[in-house]
Amino acid sequence: MKQRHLTLSHAIITLLFCVPVCAQSTSIQTKHFAQDNLSFDYPAGWSVTDHSTAGAQQLLITREGSSVQITIVVQRDTILRAQLAAARQSISDPLAQDLAQKLSTKGERTDVRIDVGETQAEGVRLRGSLKKRPGTAEVYWLRRGFRFVNLIYLRADTDEAQGTEIWKDVRSSLKVDYPFVLGFLGEPKAESAPNAQAGQPGAVLAGKAIEIPKPEYPRLAKAAHASGTVMVQVVIDEQGKVVAAHAVSGHPLLYGVSVDAARRARFTPTLFDGEAVKITGVIEYHFVAQ
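### Quick look at the overall build of the protein
- Within the protein one finds 5 helices and 19 strands.
- When burial is assessed residue by residue, the protein has 46% of its 290 residues classed as buried.
- Taking as baseline every contact in the protein between residues at least 6 positions apart, the subset at least 24 positions apart corresponds to 62%.
- Here the protein displays about 14300 Å² of accessible surface, and carbon together with sulfur accounts for 51% of that area.

Here's what the structure looks like:
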């Protein structure tokens, strides 16, 4: 695994130094990149090249004639807090070492911190020579959306001004959503609903429910003696609010009231590795006709 990370880092550094160096004017319009739970904004006039692999998303942002290059590397595997130190050692440190060699730097290394959206990232700043001109490279690492993220910012000193704009745009807009929705399904209750006027909640999400409203028994359903269990698939956001609900089985005449009740349900936030996450699951409503 470590060898794979080292190979990946060498490939990224090779890409970083393939663009000619000269100055160019800044742009005023903004473009948006979004793919595989990764998104960010960047100024028009810049290009995004996708060098992703099965193991990581790799986006290289460049502009013809400029030395400024920004690389975003997002590992596809989920990472826990306890794994951060190992990820830095196997992924970020080799990136910094390769950059130091390319810059011909000798000990000109400084530990730095920077804001990436609402998260503060740690990193290192390297000073050296880029294409025979003074240059700077910065490597940052952070955990976002349960994924390990590296940001690499490279430029010659002469292009510092034009790099500032895009670097700020990318950092402030970067979003990495976790690539999964945790699902839980509670055990259904053995007893049926006590009456025909309301659906009794049966199986509910394994998260802690604050409120599970009961649906009313519709007149049309009552006249048709509609009964049985309606299963409603729900998605609950990080605050415990139901943001999506749809019936997946049961009597069609009971779908509407069941979905409406499910949308009004509330849960405590579900935590994964200390962070609130979105979850999905099923609420069952049992209807018994008289």
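### Things to note about the sheet that holds strand β6 (residues 109–116)
- With respect to topology, 7 strands assemble into an open sheet ordered β3-β4-β5-β9-β8-β7-β6, the strand pairing being antiparallel. Looking at strand neighbours, the two that pair on one side only are β3 (47–50) and β6, the edges of this open sheet. Direction aside, the axes of adjacent strands within the sheet are offset by 20 degrees on average.
- Direction of pairing for β6 relative to strand β7 (residues 119–130): antiparallel, over a ladder of 8 bridges. Bridge pairing in β7 links D115 to Q120.
- Across the sheet, helix α2 (residues 84–102) lies against β5 (69–75), β6, β7, β8 (133–144) and β9 (147–156), angled at about 15 degrees from β9, the strand it touches most.
- Contacting β4 (56–62), β5, β6, β8 and β9, helix α3 (residues 160–173) crosses the sheet at an angle of about 165 degrees to β9.

### Some details on unusual backbone geometry
- Phi is positive for N37, which is not a glycine, with a value near 70 degrees.
- Structurally, N37 is set in the loop between β1 (30–35) and β2 (38–43).
- Of note, the phi angle at H225 is positive, near 55 degrees, even though the residue is not glycine.
- Checked against the element boundaries, H225 lands in the loop between α4 (219–223) and β14 (228–236).

### A short note on the sheet that holds strand β10 (residues 175–176)
- Taken together, 3 strands build an open sheet; the order of strands is β1-β2-β10 and the sheet is antiparallel. Looking at strand neighbours, the two that pair on one side only are β1 and β10, the edges of this open sheet.
- Where β1 lies against β2, 6 bridges are found, and the strand directions are antiparallel. Bridging across to β2, Q35 finds its partner in L38.
- Contacts between α3 and the sheet are confined to β2 and β10, with β2 contributing the most and set at about 155 degrees to the helix.

### Quick notes on the pattern of salt bridges
- All chains considered together, the criterion is met by 12 salt bridges.
- One salt bridge connects R88 with D93, and the closest N-O pair in it is separated by 3.6 Å.
- One salt bridge in this structure joins D157 and R127, with 2.7 Å as the shortest N-O distance. Highlighted residues: D157 in the loop between β9 and α3 and R127 in strand β7, separated in sequence by 30 residues.
- Sharing partners across several salt bridges, the network here consists of R81, R143, D273 and E275.

### Focus: the confidence of the model for the protein
- On average, residues of the protein carry a pLDDT of 82, and 79% of them reach 70 or more.
- Counting contacts from residues 1–27, a segment whose pLDDT is below 50, to residues more than four positions away or on other chains yields 70 contacts.

The rules we used
Residues numbered from 1 in each chain as written. Predicted model: local features only at pLDDT ≥ 70, side-chain atom pairs only at ≥ 80, totals over all residues. Heavy atoms only, no water. Helix = DSSP H or I, 4+ residues; strand = E, 2+ residues; numbered from the N terminus. Buried < 20%, exposed > 50% of the residue type's maximum accessible area, 1.4 Å probe, protein only. Contact = heavy atoms within 4.5 Å. Areas by Shrake-Rupley, 256 points an atom, 1.4 Å probe, with all protein chains shown as cover. Pairing = 2+ DSSP bridges. Axes fitted to C-alpha atoms, helices over the stretch in contact; angles between N-to-C directions. Salt bridge = Lys/Arg side-chain N within 4 Å of Asp/Glu carboxyl O. pLDDT = per-residue confidence, 0-100.

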